[in-house]
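Letter by letter, the chains look like this.
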Amino acid sequence: MGNYKRGTVCVQGGYEPKVGEPRVLPIYQTTTYKYDDPDHLERLFNLEEEGHLYTRISNPTVEALEKKYAELEGGVGAVSTSSGQAAILNAILNICKAGENIISTTTLYGGTINLFTVNLKNIGIEVRFVNPDAKEEEIVSLADSKTKLIYGETIGNPSLNILDIDKFSKVAKNIGIPLIVDNTVATPIHCNPIKHGANIVIHSTTKYSDGHAQAIGGIIIDGGNFNWNNGKFPELTEPDPSYHGMRYVDTFKEAAYSVKLRVTLIRDLGNGLNPFNAYLTNLGLETLHLRMERHSYNALKLAKWLKNHPKVSFVNYPFLEDSNEYYKATKYLENGASGILNFGIKGGIKEAKEFMKGLKLTSLVVHLGDSRTSILHPATTTHNQLDEKAQIESGVTKDMMRVSVGIEDINDIIIDFENAFLKI
Ligand SMILES: *Cc1c(COP(=O)(O)O)cnc(C)c1O
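Structure report, in brief. (Residues numbered from 1 in each chain as written. Predicted model: local features only at pLDDT ≥ 70, side-chain atom pairs only at ≥ 80, totals over all residues. Heavy atoms only, no water.)

1. Details of the sheet that holds strand 11 (residues 374–376)
Pairing is mixed in the open sheet, where five strands are placed in the order 8-9-12-11-10. Two strands in the sheet have a free side with no partner beyond their single neighbour: strand 8 (312–316) and strand 10 (363–364). Across two bridges, strand 10 lies against strand 11 in parallel orientation. Bridged to Ser363 within strand 11 is Ser374. Contacting strand 8, strand 9 (340–345) and strand 12 (400–404), helix 13 (residues 288–307) runs over the sheet at an angle of about 15° to strand 9. (Pairing = 2+ DSSP bridges. Helix = DSSP H or I, 4+ residues; strand = E, 2+ residues; numbered from the N terminus. Contact = heavy atoms within 4.5 Å. Axes fitted to C-alpha atoms, helices over the stretch in contact; angles between N-to-C directions.)

Quick look at the structure:
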């Protein structure tokens, strides 16, 4: 689709109907595809020609979503997954195996921390954690010949720490490994990590992309900007016996990473996205640019209001001018920092729980990025499995509340908060 701006791609990207075809992306609710010529099917199996074989591997509705997302992030290809967790897992397994390791910042989503510290460890992949503020030399010193990638979140969930993408991509380049960035919270509307030097971008599309709390999903976008031919990535540069000795970098050039991910991991692990959820996610994306504008506007207003509240001990929002993250926010984020903010309530867990009980419009849900305002107490929920030290490292304190500010009228949200404060 031409050279359109992001708002236009949100609405019309990924799907261009031919004459007489449905104007709106249809749900191709099919597992299989019909062919006439057995030689044709053989060529598809050998990856000599493009086409859909079986919905576990690809599907036209899912493909439209992938094309839209690749355009939104400025990548050369994208692969959808059954969830954000599956996106993270696949993105790593695509280039990392037992006996190897990765470097990751500590300020991560709770589910990612569990994946990294428990399940990756169980399958023999070690995660070496680094403070996001560490100096370049310190990050480099964690790497050895078996280090395969660096991982971070654009806007850490829930710490709201902004990833210094320049610093981490420079270090990754020096080591000769890709930088993978989870851009779930920033969304492609506020940040395109690939433009700043990231190589692979992942999203939990469950959050802002869907935006209506209806469809679990994930996506991996291939920046096409990493040179895999440096001897460190034999899985992409050596012959693959499962495809008659084909070499991904030779056959698929800059899209080697994403093609290999689809035709090996999605094929074998079966954790791709289903057509119905792709349809819902695409529908959500059609308004992503409008929703993010309002989420960010509302969040900044609420953050400023909370700052002046006597029962509030601290407020974190990257675009508050006295925030530690303000400089990085202005450098990496365009037009806002999403609807996520967090604040401390004077007292602790007891007061936090009382406050949540007093809210009416704002709901208590395990989610973020919905058009409805929601709230969560990370220390007793998403980050509950972590010990106190790991909680602090990931930016969670006992008095901290995470708010996902929705797109309702901000005045009603503020009144809801004021009423709940009156009850504690
Ligand atoms: C929710 C979330 C995930 C996990 O995504 P699911 O779709 O819930 O599997 C990963 N990263 C971040 C930043 C998230 O907020």
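What follows picks up the thread again.
2. Overview of the site of the ligand
In the region of the ligand, 13 residues are neighbours, and Gly84, Asp182, Ser204, Thr206 and Lys207 sit closest. At 2.6 Å, a side-chain N or O of Thr206 approaches an oxygen atom of the ligand. Here an oxygen atom of the ligand sits 2.7 Å away from a polar atom, N or O, in the side chain of Lys207. Protein chains shield 94% of the accessible area of the ligand, which is 380 Å² for the free molecule. Examining the composition of the shell around the ligand, we find that three residues originate from one element, helix 4 (residues 84–93), more than from any other. Residue composition of the shell around the ligand, by class: two nonpolar, eight polar and three charged. (Near = heavy atom within 4 Å. Polar contact = N/O pair within 3.5 Å; in protein donor to acceptor, adjacent residues only side chain to side chain. Areas by Shrake-Rupley, 256 points an atom, 1.4 Å probe, with all protein chains shown as cover. Nonpolar A, V, L, I, M, F, W, Y, C, P; charged D, E, K, R; others polar.)

Such coordinate-based values are descriptive only and should not be taken to indicate function.
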